[in-house]
Amino acid sequence: MGEYLDDLWNDLEQTWELAMKVNDLQENERSDPTKAWTDHFKTSDLVDAARTESEMSGETPISKVYCKNIYGIQYNPETKYWVPFRHGEVDLVKFTED
């Protein structure tokens, strides 16, 4: 793999690891998005707390946590687990440059 793709993969792995720290908690802890945000995600160096807080809408519980890389973590209320999502662009040209 090229360096760019390796970097994207490493970013995704870090994001998964952060999600798994919360997913490994008891269901009553991981299924409370506000508690997960304040107790686990907000203090992580990987998380863009300012962007996440700016995306919050009023009284609704947090559903997406934005990381400083192109990924984030989204709460799925049906499964009661946090899963990564991509919020940034992938530079397809860089795939051919490596």
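The text that follows walks through the structure, step by step, so that each part is easy to find. All residue numbers refer to positions counted from 1 along the written sequence of the respective chain. Only residues with pLDDT of 70 or above have their local features reported here, since the model is predicted, and side-chain atom pairs are shown and tallied only from 80 upward, although totals for entire chains, interfaces and linings are computed over all residues. For side-chain calculations, the full set of non-hydrogen atoms in the structure is used, while hydrogens and water are omitted.

1. Description of the packing of aromatic side chains
- When the centres of two rings from Phe, Tyr and Trp lie within 6.5 Å, Trp using its six-membered ring, the rings pair. Their planes under 30 degrees apart give stacked, over 60 give edge-to-face, and anything left gives tilted. Using the criterion set out here, one finds three aromatic pairs in the structure.
- Summarising the aromatic geometry, the rings of F41 and W82 are spaced 4.9 Å apart at their centres and angled 65 degrees between planes, so their arrangement reads as edge-to-face. With F41 in helix α3 (residues 33–41) and W82 in strand β3 (residues 81–86), the pair connects residues that are 41 residues apart, well separated along the chain. As far as burial versus exposure is concerned, F41 and W82 are alike and both buried. The way it works is that DSSP assigns letters per residue, a run of H or I at least four long becomes a helix, a run of E at least two long becomes a strand, and they are numbered from the N terminus. Exposure is judged per residue with a 1.4 Å probe applied to protein chains only, and the accessible area is read against the type maximum: over 50% gives exposed, under 20% gives buried, and values in between give partly exposed.

2. Observations regarding the pairing of strand β2 (residues 71–76)
- Here three bridges tie strand β1 (residues 64–66) to β2, and the two strands are oriented antiparallel to one another. Paired with K64 across the strands is Q74, a residue of β2.
- Two strands make a pair as long as DSSP finds a minimum of two bridges between them. Counting the residues in the hairpin turn of β1 and β2 gives four residues.
- Hairpin geometry of β2 and β3 is characterised by an intervening segment of four residues between the two adjacent antiparallel strands and by a positive phi of about 60 degrees at K80.

3. Side note on the pairing of β3
- Examined bridge by bridge, β2 and β3 share six bridges and lie antiparallel to one another. For Y75, the partnering residue across the bridge sits in β3 and is W82.

4. Concerning the pattern of salt bridges
- In the sections that follow, a salt bridge refers to a side-chain nitrogen of Lys or Arg positioned within 4 Å of a carboxyl oxygen of Asp or Glu. Per the counting criterion, the structure on display carries four salt bridges.
- K80 is paired through a salt bridge with E27; the nearest N and O atoms lie 4.0 Å apart. With a gap of 53 residues between them, K80 in the loop between β2 and β3 and E27 in helix α2 (residues 27–30) connect regions that are remote in the sequence.
- The class for K80 is partly exposed, based on a relative accessible area of 31%.
- Residues E55 and R51 are paired through a salt bridge, measuring 3.7 Å at the closest nitrogen-oxygen approach. One end of the pair is E55 and the other is R51, both in helix α4 (residues 49–55) and four residues apart, which spans about a single turn.
- Classification of E55 by relative accessible area gives partly exposed; the value is 44%.

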